[in-house]
Structure formats: structure tokens, C-alpha cells
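One-letter residues, chain by chain:
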Amino acid sequence: MTKIQEFDAIVVGAGYSGMYMLHLLQKEGYSVRLFEAGGNVGGTWYWNRYPGARCDTPSEFYCYTFSEELYKDWSWFSLYPEQSEILDYLNYVVDKLDLRKDIQFNTRATSAEYDETINRWRIRTDDGNVTLAKYFIPAIGSLAASHTPDIKGLESFEGEKYHTSKWPHEGVDLKGKRVGVIGTGSTGVQAIAAIAKEAEHLTVFQRTAQYAFPVKNPLLDPDEIKNMKDNFQELRGKIREHPIGMPSFPLVNDYSALDDSPEERNKLFEQLWQNGRGFQFLFAYNDLVTSDDANETLADFVRSKIKEIVKDPETAENLMPTFFVGGKRPICATSYYETYNRENVSLVNLKKTPFVECTKKGLRTTEEEHELDMIVFASGFDAMTGALMNADIRGRNGILLREKWEDGNNLKTYLGMTNVEFPNMFTIGGVHFPLMINVPPVGEVLAEWIIDCIKYMDENGIGEIEATLEAEEAWTKELNEIGNESFYPKVDSWYTGANIEGKPRGFLGHPGDFIIYQEQLAASRDYKGFKFIPLQDTAKKSS
Ligand code: NA7
């Protein structure tokens, strides 16, 4: 029998942002239920268990900073934590904050509709139950809908097939297997280096060659951990003042890359390469992602490293990236290029020899058939829009979110969080969510905005909040302007929807930096971009 329950708020997704949102709602005394499709907390980190999965953001910032006690009672042991260490951390948090009592695991929200007659969101879940709530907060993340290439004949393959984002929890035996990996994004480069060590043979199918900045994976020593904890307050401030929320990456030279001689520049780049601190490269000079010529100096340097590292000249040539560095999500990797020197690894350049079909034995390109025991899809996500548009989310008058967005051709939000015609719904992660900023602090800032708004509504007897058309139009226009001036349109990537054939192009995420976004959020706290309906009027409507 269908069970109907009512809460003040429903949160969907137990990743970083959803967990913090739940904590804030609990703390303020709201009744809340969080639905999570997985069997435990973690979101992205719960599902993405492929070999080599690891965070490319230093652990000291890839965590919550709203509570000094929470920060200090946990000690990371890796600078760049593996997936399992992040899950351990999130399990520590969920227990310490006593969040589990309000989380329903193994439960997928299948639809959400706003019922104007009762001014409540009605959420249906795959256990057959219905839940009503005044506030609906999908925190499902930007990369929740995986993408598998549409290769002819894929169903006929007789070997094993896995997508990295749905990696079996019990693990996969790679020993003695001929494995093919499709994709060389952040996931692919990690998986490739790890799979190569176990598989009998690894064939990498690469569509676009990548810049992979090296990261070394040192364990943190006790002094570093103590230092992080002792400087917590300062660190918290610095995270929010840094363009991507990662203050251990300072601007090295506050001048153009072109102002240094090639020798000086290469000396610095070489130092950064040896240091192995990934994203630090983008902050070597102040114009690396604003000037084509400056960008090309970095691109050239990486290409020279590929030539130096990869022994087989043809493989090295195929690994040479040519696009504007940063246009695709920058990639941090450990021993990525070195992996191609292994006897058991080969590279297929799909730009030269595209897929023709998948056969029962493997993948056939225009050149040859590659026989495989296993295909691993590291082929990314229908990012930002996928999960929200696949879901049945209905606002006023039954309008579907994907209809409002005209299937991705007309993406609009206000603040990357609210939508005209979808009252009392706040989205974290998804359309207009920041593209390149460290996710946990952005999630914190948004969850804090939402809880303040909810409190404001309840303290002022407000039944409904909804973005105004003008605010939504102005925000979307502003974002497009920032985006057009940025480097994002220069390159095909998931940032603009170009990773998936047929997906409409546009600025899916917020193209500005963390400081700009926080300024926009701060400015919106006067609520002039919203319409409020007093509680008594919503009550009248429903009577
Ligand atoms: P990405 O970065 O989208 O990478 C996906 C990879 O798969 C990329 O190399 C794609 O090539 C490749 N791809 C996608 N479709 C195809 C087809 N049809 N044929 C061949 N190759 C294909 O996803 P990740 O999972 O690596 O990373 C996602 C985010 O997770 C990352 O940005 C971080 O934020 C963490 P392309 O480059 O599009 O030519």
C-alpha cells in the first residue's frame, strides 16, 4: 500500500552538498528526509569506484569547512585522496553529525511535481511511496547521468562491459584480460594507468588527446596535518577568496607568460612538472587562460614533455593535444604518459581511425578489429542537464523542467539554483552550477544561501518563493556574457554539451570564478529577484 508522508523539506542525493543541506535543515529544526539511490553516502564517490579513482583536489580543501571541530577531528592521510578515503571521510561526517536517521538509502526519487492546490512538492520514490514537502532540494550533482557512446553493434559484444561511473562494488578481475578503455578524460587517464598494471593487454581508444598535468600522490606527514588544522580559520577564508577554491595554488607570476624568456618560462614549467601539483600549472602566469599566445606556451611545453617521455614516436604523436589548455576540464594524472611505454599498452587514435562497429569479439575501427575480453567506458557524462532533464520534475501547471528548457535549447535558471515556474525548488549541482570550482565549498555556499532563504520565508510568513522572469533572464544573459568572454567556447567539451553528439550547445555551467559567483549570491540576498506569496494567500488558493 502506498505510504504518504510529509516533511518540511526533501533533499535528493547524499553527496557533499546534499549531506550539508540535510545537516543545516536538521540544525534549524526542520523535518527532512533525504532520498539516496545508493546504499550509502558519497554520491559521485559512491558510484565511481573504477581502478585508480582519486580526487585531483588536495584533501585539505576537498572537505567541509563549516565546522572547526569536524575539520579537526578528521585526519586525511593522502594529499590527493583515493575514492575509498573520501568515502571513509563522508562516513565519518554522516555519523558525527548524526545524519543517517533522516536518510533513506537505496531509494530513487522517480518524479517530483509541485501541487499548487496544496502548495507542496509531491515526490514519488521507487519504493512506491509518496512524500509531500514544502521545499524540494535536488542535490544530485552535475555528473549523475553517465554517457555511453552509441557504437553500432555494442549489444553483440560477448565480453564484459563496464562504465567507470557504475563500477561493480565487488571489483572486476582484470588479470589475464585484454581490456579496451574508451575515453581519456579525468576518469580515463586515472583508469588507464591503473588498469595497465593488471590487464594482460590494454588498448586505449582516444578521441581527443589530452594535457595531463602530473600529480604526485604523497602521504601527508603529521606536521602538515597539524599545520592544516592549526590554520583552519585562515584556510577557510582563503578557500572562499580563491578563484577556484583551492588556495594552495597561488599565482606564481603576476604577469604575462610572454614577459618571461622561453628559457625562464620552461624552467618554471619544468619545476611545476617535477613538483607534481596538477592545477598549479594554470596559475603559473596571470594570462595562461586568457591569452591565446600565453596559452600556447603551456601547450607547447606539455607537448615537449610528451615527446620526451613517450618512447614510441608514433604513439607520442598521437598523444599530442592541440586545443586551448583549460578549454576542457584540466586533467591531473599520475604516470599517464609513462603508461604508454609499457609493453602491454597500445593506443588507437580515433580521429585517424574511427570506430566502425562493435563486434562480438571486440571493437572494429576503420583500420582493424581489436579483439577484447572487456570494454571499459570512461566516456563521461551527460553533464549538468542530463540528470535533471531525465527526471520527471513538474512545476506549475504540470510543466516539465525539460519542456521549460526546450530539451536543452533554452537553458535558464536564476542563480543556478532556482527556476521560474518551479516554486520552492532549489537545485544544487546542475545547470549553471560552477564548472571549475572545488565542489565542496561551492556546495557549502549554496546550502547556506538556501537555508537562510528558507528561514527568511518561514520567519516572514511566506508560502512560496519563485524567481521572477526578469531575474532569470538577466542572470542567464549575464552568464552567457561571462561565458562568451571566457575560453570555454574555444573547445568542444562537456562544459558546453559538445561531448555528446546531438546535445544542444550552450553554457551549461557557471563560467565565472568562485569570487564572482559569491558576489552574485550575496547581491541576491535582498530577494529582489524573487516573487513571494504570503502563507495566507497560498492557503487561500488551496482552500
Ligand atoms: P570526460 O571528461 O567527459 O571524458 C570522457 C572521455 O570519453 C573523453 O576522452 C571523450 O572524448 C571520450 N568520449 C566520449 N564520447 C566518445 C565517443 N563517442 N567515442 C570516443 N570517445 C568518446 O569524462 P570523465 O569521466 O573523464 O570526467 C568527468 C569529470 O569528472 C571531470 O571533468 C572531472 O570534473 C571529474 P572527447 O574529449 O569528448 O573527444
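As shown above, the structure is provided for reference.
Below: a short report on this structure. Worth saying up front: this structure is predicted, and the values here are computed from it rather than measured.

**Focus on the sheet that holds strand β3 (residues 103-104)**
Reading across the sheet, the seven strands line up as β3-β2-β1-β6-β5-β4-β17 and stay open at both edges, with mixed pairing between neighbours. Both outer strands of the open sheet, β3 and β17 (392-394), are each paired with one neighbouring strand and no more. Across three bridges, the pairing between strand β4 (residues 109-115) and β17 is parallel. Within β17, the position partnered with Ser 111 by the bridge is Asp 392.

**Some words on the packing of helix α1 (residues 16-27) against helix α14 (residues 439-459)**
When two helices pack together, you describe them by how their axes are tilted relative to each other and by the distance separating the axes. Contact pair α1 / α14: the axes reach a minimum separation of 9 Å and the direction vectors enclose 30°. Looking at the two axes, α1 sits roughly parallel to α14. Crossing of α1 over α14 shows right-handed handedness. Here Tyr 16, Ser 17, Tyr 20, Met 21, Leu 24 and Leu 25 of α1 come into contact with α14, specifically with Pro 440, Gly 443, Glu 444, Ala 447, Glu 448, Ile 450, Ile 451 and Ile 454.

**Comments concerning the pattern of salt bridges**
For the structure on display, the rule yields 39 salt bridges. Residues Asp 230 and Lys 226 are paired through a salt bridge, measuring 2.7 Å at the closest nitrogen-oxygen approach. Of this pair, Asp 230 and Lys 226 both sit in helix α6 (residues 222-230), four residues apart, which is roughly one turn of the helix. One salt bridge connects Lys 361 with Glu 371, and the closest N-O pair in it is separated by 3.9 Å. Linking Lys 361 in the loop between β13 (355-358) and β14 (362-365) with Glu 371 in strand β15 (residues 369-371), this pair joins segments that are ten residues apart in sequence.

**Focus on the nonpolar core**
When a protein is soluble and globular, its nonpolar side chains tend to lie buried together. In terms of nonpolar packing, the biggest core is built from 165 residues, with Leu 25, Tyr 89, Tyr 337, Phe 426 and Trp 449 touching the most fellow members. If you tally residues by element for this core, the top one is α14, at ten residues.

**Section: the site of the ligand**
The environment of the ligand is made up of 19 residues, and the closest members are Thr 184, Thr 187, Arg 207, Thr 208 and Lys 328. With respect to the ligand, the backbone of Ala 378 contributes an N or O atom lying 3.4 Å from an oxygen atom. Compared with its free state, where it exposes 780 Å², the ligand has 86% of that area covered by protein. Broken down by class, the residue content of the shell around the ligand amounts to seven nonpolar, nine polar and three charged.

**A look at the sheet that holds strand β9 (residues 201-206)**
On the basis of which strands lie adjacent, the open sheet formed by five strands has the order β7-β16-β8-β9-β12 and parallel pairing. Here the strands that pair on one side only, and so sit at the sheet edges, are β7 (160-163) and β12 (345-349). Here the average twist between neighbouring strands, direction ignored, is 20°. As judged from the five bridges shared by β9 and β12, these two strands associate in the parallel manner.

**A few points about the environment of Lys 267**
As for its placement among the helices and strands, Lys 267 is situated in helix α8 (residues 262-275). For Lys 267, a relative accessible area of 59% gives the class exposed. Through-space distance from the C-alpha of Lys 267 to that of Tyr 80 is 25 Å; in sequence the pair is 187 residues apart.

**Here's the deal with the pairing of β4**
Sheet topology places β4 next to strand β5 (residues 120-125); six bridges connect them, and they run antiparallel. Residue pairing for β5: Ala 112 is matched across the bridge by Ile 123.

**A closer look at the packing of aromatic side chains**
Applying the stated criterion to the full structure yields 46 aromatic pairs. Centroid distance Tyr 135 to Phe 426: 6.5 Å. Interplanar angle 35°. Geometry classified as tilted. Taken together, the residues Tyr 135 in strand β6 (residues 130-138) and Phe 426 in the loop between α13 (401-404) and α14 connect sequence positions 291 residues apart. The exposure class assigned to Tyr 135 is buried, which follows from its relative accessible area of 1%. Taking the relative accessible area as the measure of exposure, Phe 426 reaches 1% and is therefore buried. On the numbers, 4.9 Å between centres and 80° between planes, the contact of Tyr 211 with Phe 323 is edge-to-face. In this pair, Tyr 211 is assigned in the loop between β9 and β10 (212-214) and Phe 323 in the loop between α10 (313-318) and β11 (331-333), connecting sequence segments 112 residues apart.

**Quick look at a negative patch on the surface**
Taken together, the side chains of Asp 312, Glu 314, Glu 367 and Glu 368 make up a negatively charged region of the molecular surface. Among the structural elements, Glu 314 can be located in helix α10. Given the relative accessible area of 57%, Glu 314 is considered exposed.

Scoring rules and cut-offs
- Residues numbered from 1 in each chain as written.
- Predicted model: local features only at pLDDT ≥ 70, side-chain atom pairs only at ≥ 80, totals over all residues.
- Heavy atoms only, no water.
- Pairing = 2+ DSSP bridges.
- Helix = DSSP H or I, 4+ residues; strand = E, 2+ residues; numbered from the N terminus.
- Axes fitted to C-alpha atoms, helices over the stretch in contact; angles between N-to-C directions.
- Parallel < 35°, antiparallel > 145°, perpendicular 65-115°, else oblique.
- Left-handed = near helix turned anticlockwise from the far one by under 90°.
- Contact = heavy atoms within 4.5 Å.
- Salt bridge = Lys/Arg side-chain N within 4 Å of Asp/Glu carboxyl O.
- Core = buried A, V, L, I, M, F, W, Y, C linked by side-chain atoms within 4.5 Å.
- Buried < 20%, exposed > 50% of the residue type's maximum accessible area, 1.4 Å probe, protein only.
- Near = heavy atom within 4 Å.
- Polar contact = N/O pair within 3.5 Å; in protein donor to acceptor, adjacent residues only side chain to side chain.
- Areas by Shrake-Rupley, 256 points an atom, 1.4 Å probe, with all protein chains shown as cover.
- Nonpolar A, V, L, I, M, F, W, Y, C, P; charged D, E, K, R; others polar.
- Phe/Tyr/Trp six-rings, centres within 6.5 Å; stacked < 30°, edge-to-face > 60°.
- Patch = residues over 30% accessible without salt bridge, like charges linked within 9 Å, V, L, I, M, F, W, Y side chains within 5 Å.
- Lys, Arg positive; Asp, Glu negative; His and termini not counted.
- Charge placed at Lys NZ, Arg CZ, Asp CG, Glu CD.

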